Amino acid sequence: QVQLVESGGGLVQPGGSLRLSCAASGITFSMATMGWYRQAPGKRRELVADITSGHSTNYADAVKGRFTISRDNAKRTVVLQMNNLKPEDTAVYYCSSRGLGYITPNYWGQGTQVTVSS
């Protein structure tokens, strides 16, 4: 059974930081591209960042220079460090996994809420 379990969301003031973590089980983690997506109310789900099995990273323009994605294959976790958060970063954040041969994620976590507000 595949499970992607996110943690670390919450309420933070503008300019603050949060660290999201995703623990994966039931997948060949070391071979998967892991990612974080987000969905704000009334908007489509969008890619925030992803990281390949070779540790190549890709970021949305809106978060470049503020967010950092990393992975630990031994612990089967992927982390999104979010700094200098802005109100427009408010959304539900989802962990994703994309296996070999897939062009879009084939597994998703349940999501964690991030709210940036004063």
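Structure first, text after, so check above.
Residues numbered from 1 in each chain as written. Predicted model: local features only at pLDDT ≥ 70, side-chain atom pairs only at ≥ 80, totals over all residues. Heavy atoms only, no water.

Participant: Please set out the overall build of the chain residue by residue, giving values where relevant.
Facilitator: Secondary structure summary: the chain contains zero helices and eleven strands in total. The C-alpha atoms of the chain give 13 Å as radius of gyration, which agrees with the globular expectation for 118 residues (13 Å, within 12%). By principal-axis analysis of the C-alpha atoms, the chain measures approximately 40 × 25 × 25 Å. Buried positions account for 40% of the 118 residues belonging to the chain. For the chain, contacts bridging at least 24 residues in sequence account for 53% of all contacts bridging at least 6. Per element, the accessible surface of the chain, about 6200 Å² overall, is 48% carbon and sulfur. Between the averaged position of the 12 positive side-chain charges in the chain and that of its 7 negative side-chain charges there is a distance of 3 Å. (Helix = DSSP H or I, 4+ residues; strand = E, 2+ residues; numbered from the N terminus. Rg over C-alpha atoms; globule rule 2.2 N^0.38 Å. Buried < 20%, exposed > 50% of the residue type's maximum accessible area, 1.4 Å probe, protein only. Contact = heavy atoms within 4.5 Å. Areas by Shrake-Rupley, 256 points an atom, 1.4 Å probe, with all protein chains shown as cover. Lys, Arg positive; Asp, Glu negative; His and termini not counted. Charge placed at Lys NZ, Arg CZ, Asp CG, Glu CD.)

Participant: Now, about the environment of Arg38: what can you tell me, with residues and values included?
Facilitator: Relative to the helices and strands, Arg38 is located in strand β4 (residues 33–39). The class for Arg38 is buried, based on a relative accessible area of 7%. Measuring from C-alpha to C-alpha, the distance between Arg38 and Val48 comes to 6.6 Å, with ten residues separating the pair along the chain. In this structure Arg38 touches Arg44, Arg45, Glu46, Val48, Ala62, Val63, Phe67, Glu88, Asp89, Ala91, Val92 and Tyr93, once residues within four positions along its chain are discounted. Within the structure, Arg38 has its side chain in polar contact with the side chain of Asp89 (distance 2.9 Å). One polar contact links Arg38 to Tyr93, side chain to side chain, over a distance of 2.9 Å. (Polar contact = N/O pair within 3.5 Å; in protein donor to acceptor, adjacent residues only side chain to side chain.)

Participant: Could you give an account of the pattern of salt bridges, naming the residues involved and the relevant values?
Facilitator: Under the definition given, this model contains four salt bridges. Here Arg38 and Glu46 are joined by a salt bridge, their closest N and O atoms 2.8 Å apart. Linking Arg38 and Asp89 is a salt bridge whose minimum nitrogen-to-oxygen distance equals 2.9 Å. In this pair, Arg38 is assigned in strand β4 and Asp89 in the loop between β8 (77–82) and β9 (91–98), connecting sequence segments 51 residues apart. Neither residue differs from the other here; Arg38 and Asp89 are each classed as buried. Taken together, the salt bridges that share partners define one network made up of Arg38, Glu46, Arg66 and Asp89. (Salt bridge = Lys/Arg side-chain N within 4 Å of Asp/Glu carboxyl O.)

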